[in-house]
Amino acid sequence: MTDVANPEQMLFASTAQAFLEKEVPLSRVRQLHADGISFDPQWWGRAAELGWASLLVPEELGGGSPSGDGVTDLALLAEQAGHTVAPGPLHPVSIVLAGLVEAPSGHEELIESLVSGETVASWAVYEPKRPFATATASDIDTRATRTGSGYRINGVKDRVEAGDQSGTVLVVAVCDGEVRQFVVPTDAAGVTITPQASIDLVKRYARVQFDGVEVDESAVVGNAEQTPAIIERQRQVALLLQCAEIVGILDAVLAMTNQWLVDRHSFGRPLASYQALKHRAADMKMWFEAARATTAGAVAAVAERSPEAPKLVSVAKAYVAERAPVMLQDCVQLHGGIGVTWEHDLHLYLRRVALYRALYGSPEDHHRAVYALSRKTHAAEEIGA
């Protein structure tokens, strides 16, 4: 993850780091929260100028990445964002683009607008009071009905990131018994958006209701045969973004905590000199390296479109999202009383990690997924033998 393969990636990562530290330091995150703002659209426009929204888009569609490996570059960017728990729609825009570029016909203008930062889009995939699920039509209540000129969409989605600041949502719905995706402008007649707060200081979500929303034929993304693979690609991108950002968060928090252990003295000695605390620091370093390694494996698999990618992203999410909250709670405890105050920055990181732990499947969900995929692989190997 933090190992860059070439000078282009190194320059891209360092530029992103400098931009984030200047434009959205932790003090800015706190100010956005105080002002009731999720992110500044003009700031996101400047981020898009640096190529943040173009990484998963091929050059023929107006995109490109510094190294030619957009998935890895995106993961590097997410890791940098974790250092300052940055605001902004990097996740939803990247997830939507991951789907659109798989079947871009009819959506070239939207892709161009997203790459330039002029438009924000989000993935409307969650159903109210239901866990994350996209596999079968029985998991989805939102319906798209064919009309003479296109489709009519009815249903409700929630936990749509930046939904109230998005110009477009990519809606997962059932049409003729099959799961499909539709591009729907948020200003279309029949669309109602209700903001939803989250545990994070600046991440905002929305409940989006579709009451007889009419879209034309070009709104559909891909055909029925392509859709499952497109949605799986989006799911993988969503998970690697989470894991990469959590790795950045852990890197920042461990550095902060280790410095505190050196600076803080007890009985005339720095806390870092006590053997029990050395052991805890060593344990956290080991867990951090494991989190970084599992994330790197998932990123590589997704970048290569490996058949192992579905399993490896679940391995990463299961480990990283399970271990990270424990590590952050340890860091809070190691800071003593100051660690549980509003003024200390630790809770900004802990809030983001707690949010990501829940979205797109909990660690428990992904443990079960890894088990199921491993059994399937083992069974196939036995048949082959």
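This text gives an overview of the structure that appears in the document. Model, not experiment: these values are computed from the prediction.

Some words on the layout of surface pockets
Here is step 1: The space that makes up the largest pocket amounts to roughly 450 Å³.
Here is step 2: For the largest pocket, the lining is made up of 19 residues, of which F132, A133, T134, A135 and R235 are closest to its centre.
Here is step 3: When contributions to the lining of the largest pocket are tallied by element, the ones reaching two or more residues are α7 (227-263), α9 (309-334) and α11 (363-384).
Here is step 4: The leading source of residues in the lining of the largest pocket is α7, at 5 residues.
Here is step 5: Broken down by class, the residue content of the lining of the largest pocket amounts to 10 nonpolar, 5 polar and 4 charged.
Here is step 6: Approximately 330 Å³ is the volume attributed to the second largest pocket.
Here is step 7: In terms of lining residues, the second largest pocket is bounded by 18 residues, among which L55, L56, V57, P58 and G70 are the most central.
Here is step 8: Those elements that provide at least two residues to the lining of the second largest pocket are α4 (70-83) and α7.
Here is step 9: Each residue belonging to the lining of the second largest pocket can be placed in one class, and the counts come to 9 nonpolar, 4 polar and 5 charged.

Some thoughts on the side chain of S314
Here is step 1: The residue S314 is located in helix α9 in this model.
Here is step 2: By relative accessible area, S314 is classed as buried at 1%.
Here is step 3: Once residues lying within four places of it in the same chain are set aside, the contact partners of S314 are R235, H366, A369 and V370.

What counts and how
Residues numbered from 1 in each chain as written. Predicted model: local features only at pLDDT ≥ 70, side-chain atom pairs only at ≥ 80, totals over all residues. Heavy atoms only, no water. 1 Å grid on protein atoms, 1.4 Å probe; cavity = no way out; pocket = protein on both sides within 12 Å on 5 of 7 lines; lining within 4 Å. Points joined across faces, edges and corners; volume = space filled by probe spheres on them. Helix = DSSP H or I, 4+ residues; strand = E, 2+ residues; numbered from the N terminus. Nonpolar A, V, L, I, M, F, W, Y, C, P; charged D, E, K, R; others polar. Buried < 20%, exposed > 50% of the residue type's maximum accessible area, 1.4 Å probe, protein only. Contact = heavy atoms within 4.5 Å.

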